[in-house]
Structure formats: structure tokens, C-alpha cells
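What the coordinates show
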Amino acid sequence: MAAELGAIGATPAAGTILCCLCGVAIPPNPVAMCAACVAQEYDITEGIPRTGSVSCCKKCGRWETATHQWVRAERESGELLTLCLRRVGGGSLRHGGRGKVQLKDAGWVWTEPHSRRLKFWISVQGEVESGATLRQRLTVEFKEQWRQCDDCSKEYTGGTWKALVQLRQRADHKRTMLYLEQRLIQAGFEQLALDISPVKGGGLDFYFADRHEAAAFLQFIGALVPLRLKASKKLVGFDTKSNVPRHQHTTAAEVAPTCKDDLVLPTRKVMAKLGPGLPLVRRVTSQVKLVNPSTGAEVDVSTEAYWKKPFVTVLSASFLTEFVVLDVEPCERRYDRGHGEGSAAKRSNETVLAEAVIARESDFGVNDETMTVVTHLGGVLRDGDVAFGYDLNSVVLSDDVHDEIARAYGTVEPPDVILVKRKRDRAARKGKRKPRLRRFYEPGAEQPPAAEATAAVTEDGEGAEEGDAAPAPAPAAVPAPAPVPMGLG
């Protein structure tokens, strides 16, 4: 236990004196003792406990404060040190004034995380005889105890949740659900929900303590993807004295299976605006943006119009093939019928029609087969680039789908390849930090592997299908977590 000796209000004096106990020459001080003898004679840390305990919720990782509140804090963080200091001494430590010892400094002593021990040192200062000031340092060890917090204990008690949101998507992939997980974690819904349970086969169940929280949650999801909702409620109790019933509300939220870069068959009304050809899904938010790669026309389909008759997905991103661009020439070919002034379909500045000469990357060194296609990527493709596209000749489709494709193109001959997007240069992105995939739960056997999931979310540095969408604003009904005070008071 280290000790330092000082004097309050004392002025430096010339010469030295002998310690009254050991006889060592020292500068004059009110107690006429050296620092070593003062440490042996006086102990200002008496009454400060060297051990203690602190409760931690094993499920959510929150810590219990001295006022029986639960706060979030990382191990060996400033917030957790503040929490532990408030439990030390129960009032023997102060931060100003006279009479008791004063806390001057504190810090962590590293321990193994699995040891369930928290060690930290504190430096205190107090007055001894004749107004001399003494500073001493000691180490305190706290034991971690597992205990359920109030919110987590509600999950195991029937009738505590009031609203349930069942989030589902009927698709062969989990790209959209993985993307939504990242956005929900960023918005703080992981802390707002009482419990989040994965469902076998893909899907999540969110339990909320209040119906308004579930409404804010659905509003946030609805700004990211098209949703179809179906609500129900169940009577779980009735207060006969106040004549007030208690219900549990359940909302089934189905996410649209259509994703970015899908090749789809929309309704005839939408096809009339886009012109002959199969459109690609350029962006998915609360609306679905379609672009015709043969004409460059674009259409925004609202959520209501989409769910009246959902699109048929012909090919998804798993069927993309790599092609090497040999030559690109801009062209002005477009479909003008029905595209007069005020028409719903248009061509944005992002779309530039061009004729591209391409070859399969797998054919290099094998044959000299090339193809010429019309693409809407004339503004981004350059000679030598690699592009992803759908090879309609090598994909096996049913006869009904072939008939629908022929009907969509009409008198125009369907192309052999439809280019979707340019492949980004991975070498130019070296050194950039990859985004870390965060999950609500540990993936089980029925969930996608971590490597596959990370690739789905971080494909080309953006979200799997909603990457180009503008960030949705956080709902006003979601309260932000209260900050933990950093002071030692």
C-alpha cells in the first residue's frame, strides 16, 4: 500500500529534521515522520472494503447499480468503474470537503474475463494529526454474480408482453433478413424489444411491452422494404372492477421476396410503361424501382400496387454469370410508345443505353465466342471491365416461363444475355475495413453460415438488395438509451 505525505498550508522550510521514529533525515512536516513511518502508523483506508460483489444479467449483459437500476456497460469500462466505485465504502468515500477520505484516482487491474472477478485500484487522500495530508492506494476486488434483470425476467412470465411482430419472408435466400438485422441493430431495436426469437425456416419474432413500440418498429421496417401486414388480438385478462380488458396483439409482417438485381415478370400494366423486355429490380425500399435494360425506362411501384399482384422472379442473384466487356458504344435506342409527357415511366440520369460486346469470362482461352447486347449500364461500363449478367441460354427454365418471356418481348427477339451490374475492383478496396456482421442470435444449424451471411450483406460494399436506398429515419417513438454518468459522485 503506497503512501505519500504532504502538508496543508505549509510553506517550504530550509534544512532537514530527523524522523521521530526511524531517524531518517526528512524535510520538516507537521507530524515529524517520514512517509514510510506515517504509512505504518496511520491507515486512512480503514473502513473501505477490499472485496464486494456486483450483479450482472447473463442474458442481456447489463449491470445492477446501487440504486437497483440496470445499465449497459462493457467490462473494464469507465461506466462499469463508476458503478463499482459507488458500491465501495457506502459513504466512506467523498469527492470534496473535509472529514472523510477523498477519492483522487482509480483504474482497472486486468483479470481474465472467465474468472468472474473485477479488480481495480483506488487512490484516496485524507488528513491525519496536525493537519498533515496523507495519500494511500489500495486494490479492491469485486465478484460477478449472475442475476436476471427485471426486463429479462418478464420473458419467462406469462402475460407480460403486449405486442408480438412476426417478421417473415418467403424466399430461398436470407439476404433481406440479414440486411434488416443490421439496420434494426443500428436503430437500437435490440434494446427496445423484450425478446427476439429466431424461427426455424427463417424469420424472427419480436416481443414488445407496449403496442406503440411495435407500431414504431413496423413503421421503421416499412420504410426499408415493402410489407404486408395482418393483425390479430387475443383476450388474456379482464379487470371486472374497472371494466378494462387486456389483450395481446400479434402482427404478421411479410417482407416482399423481390430483391435488388432480380429479373422479374411484373404486371401487364407495368410492362406497358417499361416497353418490351424483362425488367431488373434496381432498388428496393418502400417502393420497388424497376428498369428495363433494353429501353432504359424506369418505373416506381408502390407497396400497395406491388402486393395486389406480386412480381414473379425469373432469375435471382445466385444465377449471375461473369462477363468481360470488350467494347462499349453508346446508343440512343429506346421505346417511345406510351412515354409522352406526364408518363409514369422515365429514364434517370443513371441510365445510359449502350451496345456492349461481351464474352464469358470462363470462355477465355477456350473459344472466341462473343455477344453484342444492349444494356442500361453505358454510363458505368468501360472496356476491360467485368460485369455480372444473366445468361438466358445456359439457364434451364420451364416452358411456361419461356412463354411469358416471349410474350414480354413481343416482336422483339429476346437477348442472350442481360447485364445487371459492374463488378467492383477488389484490389482497389484493399486496406478498407470490412463491416462486421452483427446478429440478434447465434446462428444454428438451420441458419446460413457466418461466412455466407457476411458475403450476402457486404456484397460489393453495400446491402444485399437495399444497399442503394436512402437511410430510413429512426422512429420518434423509440427512446434513445440514457447515457451512463462518468463522474465519481
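Residues numbered from 1 in each chain as written. Predicted model: local features only at pLDDT ≥ 70, side-chain atom pairs only at ≥ 80, totals over all residues. Heavy atoms only, no water.

Another aspect to go through is the overall build of the protein. Regarding its fold elements, the protein presents 10 helices and 25 strands. Of the roughly 26,600 Å² that the protein leaves accessible, carbon and sulfur atoms contribute 50%. (Helix = DSSP H or I, 4+ residues; strand = E, 2+ residues; numbered from the N terminus. Areas by Shrake-Rupley, 256 points an atom, 1.4 Å probe, with all protein chains shown as cover.)

Attention shifts here to the packing of helix H4 (residues 175-187) against helix H6 (residues 211-222). At a closest axis distance of 11 Å, the pairing of H4 and H6 adopts a crossing angle of 130°. The angle between the axes of H4 and H6 places the two elements in the oblique class. The handedness of the crossing between H4 and H6 is right-handed. In this structure, H4 contributes Leu180, Arg183, Leu184 and Ala187 to the contact, and H6 contributes Phe217, Phe220 and Ile221. Considered class by class, the residues forming the contact of H4 with H6 number six nonpolar, no polar and one charged. (Axes fitted to C-alpha atoms, helices over the stretch in contact; angles between N-to-C directions. Parallel < 35°, antiparallel > 145°, perpendicular 65-115°, else oblique. Left-handed = near helix turned anticlockwise from the far one by under 90°. Contact = heavy atoms within 4.5 Å. Nonpolar A, V, L, I, M, F, W, Y, C, P; charged D, E, K, R; others polar.)

Okay, the packing of aromatic side chains next. The description of an aromatic ring pair rests on the distance of the ring centres and on the angle between the ring planes. Per the stated rule, a full pass over the model turns up nine aromatic pairs. Centre to centre, the rings of Phe189 and Phe217 are 5.3 Å apart; their planes meet at 80°, and the pair counts as edge-to-face. Taken as a pair, Phe189 in helix H5 (residues 189-192) and Phe217 in helix H6 lie far apart in primary sequence, 28 residues in all. The same class applies to Phe189 and to Phe217, which are both buried. (Phe/Tyr/Trp six-rings, centres within 6.5 Å; stacked < 30°, edge-to-face > 60°. Buried < 20%, exposed > 50% of the residue type's maximum accessible area, 1.4 Å probe, protein only.)

A few words on the sheet that holds strand E14 (residues 227-239). The sheet built from five strands is open, its strands ordered E12-E13-E11-E15-E14 with mixed pairing. Across the chains shown, the open sheet's two edge strands, defined by having one partner strand only, are strand E12 (195-198) and E14. Sheet twist, expressed as the mean angle between neighbouring strand axes with direction ignored, is 15°. Pairing between strand E11 (residues 163-169) and strand E15 (residues 244-255): seven bridges, direction parallel. Note on E15: the bridge partner recorded for Gln169 is Val255. (Pairing = 2+ DSSP bridges.)

Before going further, it helps to spend a moment on the sheet that holds strand E25 (residues 417-422). Backbone-to-backbone hydrogen bonds pair the strands of a sheet. The strands run either parallel or antiparallel. Ordered by their spatial adjacency, five strands build an open sheet running E23-E22-E21-E24-E25, and the pairing between neighbours is antiparallel. A strand with exactly one partner marks an edge of an open sheet, and here the two such strands are strand E23 (371-375) and E25. This sheet shows a mean twist of 45° between the axes of neighbouring strands, independent of strand direction. As paired elements, strand E22 (residues 354-360) and E23 share five bridges and run antiparallel to each other. Paired with Ile358 across the two strands is Met371, which belongs to E23.

Scanning all chains against the criterion turns up 17 salt bridges. Its salt-bridge partner being Arg168, residue Asp205 comes within 2.9 Å of it at the nearest N-O pair. Placement of the pair is Asp205 in strand E13 (residues 204-208) and Arg168 in strand E11, with a sequence separation of 37 residues. Residue Arg168 is classed as partly exposed on the basis of its relative accessible area, which comes to 25%. (Salt bridge = Lys/Arg side-chain N within 4 Å of Asp/Glu carboxyl O.)

Moving on, we get to the nonpolar core. Here is a general trend for soluble globular proteins: nonpolar side chains tend to be buried in one another's company. Counting 34 residues, the largest nonpolar core has Trp63, Leu80, Leu118, Phe120, Ile122 and Phe142 as the members making the most contacts within it. When contributions to this core are tallied by element, the ones reaching two or more residues are helix H1 (35-41), strand E4 (51-56), helix H2 (78-85), strand E8 (101-109), strand E9 (117-127) and strand E10 (132-146). Residue contacts for Leu80: discarding those within four places in its chain leaves Trp63, Ala73, Glu74, Arg75, Trp108 and Leu118. Core analysis: the second largest hydrophobic core is formed by 24 residues, Leu184, Phe217, Phe220 and Val255 among them. (Core = buried A, V, L, I, M, F, W, Y, C linked by side-chain atoms within 4.5 Å.)

Looking now at H6. If you check H6, its first and last C-alpha atoms are 16 Å apart, about what 12 residues at 1.5 Å a residue would give, namely 16 Å. Every buried residue of H6 is listed here: Ala214, Ala216, Phe217, Leu218, Phe220 and Ile221. In this fold, the buried residues of H6 make contact with E11, H4, H5, E13, E14 and E15. Of the residues flanking the start of H6, the one acting as N-cap is Asp210, its side-chain oxygen 2.8 Å from the backbone nitrogen of His212. (Expected span 1.5 Å × (residues − 1). Polar contact = N/O pair within 3.5 Å; in protein donor to acceptor, adjacent residues only side chain to side chain.)

Once that is clear, we can look at H2. Counting buried positions along H2 gives six out of eight residues, so the element sits mostly inside the fold. Residues Leu80, Leu81, Thr82, Leu83, Cys84 and Leu85 constitute the buried set of H2. In this fold, the buried residues of H2 make contact with E4, strand E5 (62-64), strand E6 (70-72), E8, E9 and E10.

Detailed reading of the predicted coordinates is not advisable wherever pLDDT is low. Of the residues in the protein, 76% reach a pLDDT of 70 or more, and the chain-wide mean stands at 78. Per-residue pLDDT, averaged within each element of the protein, yields its smallest value for helix H10 (residues 450-457) (44) and its largest for H6 (93). Considering only residues more than four positions removed or in separate chains, one finds that residues 95-99, a stretch of pLDDT under 50, has seven contacts. Segment residues 445-489 is flagged for pLDDT under 50; beyond a separation of four residues in sequence, or across chains, it makes 86 contacts in the model. (pLDDT = per-residue confidence, 0-100.)

Before going further, it helps to spend a moment on unusual backbone geometry. Located in the positive-phi region is Asn243, a residue other than glycine, with phi close to 60°. Among the structural elements, Asn243 can be located in the loop between E14 and E15. Here the phi dihedral of Asp261 falls at roughly 75°; this positive angle occurs in a residue that is not glycine. According to the relative accessible area criterion, Asp261 is buried, its value standing at 8%.

On to the environment of Leu118, then. Checked against the element boundaries, Leu118 lands in strand E9. The sequence separation of Leu118 and Ser53 amounts to 65 residues, and the corresponding C-alpha distance is 8.9 Å. Beyond its immediate stretch of four places on either side in the chain, Leu118 contacts Val54, Trp63, Arg75, Leu80, Cys84, Trp108, Val140, Glu141, Phe142 and Glu144.

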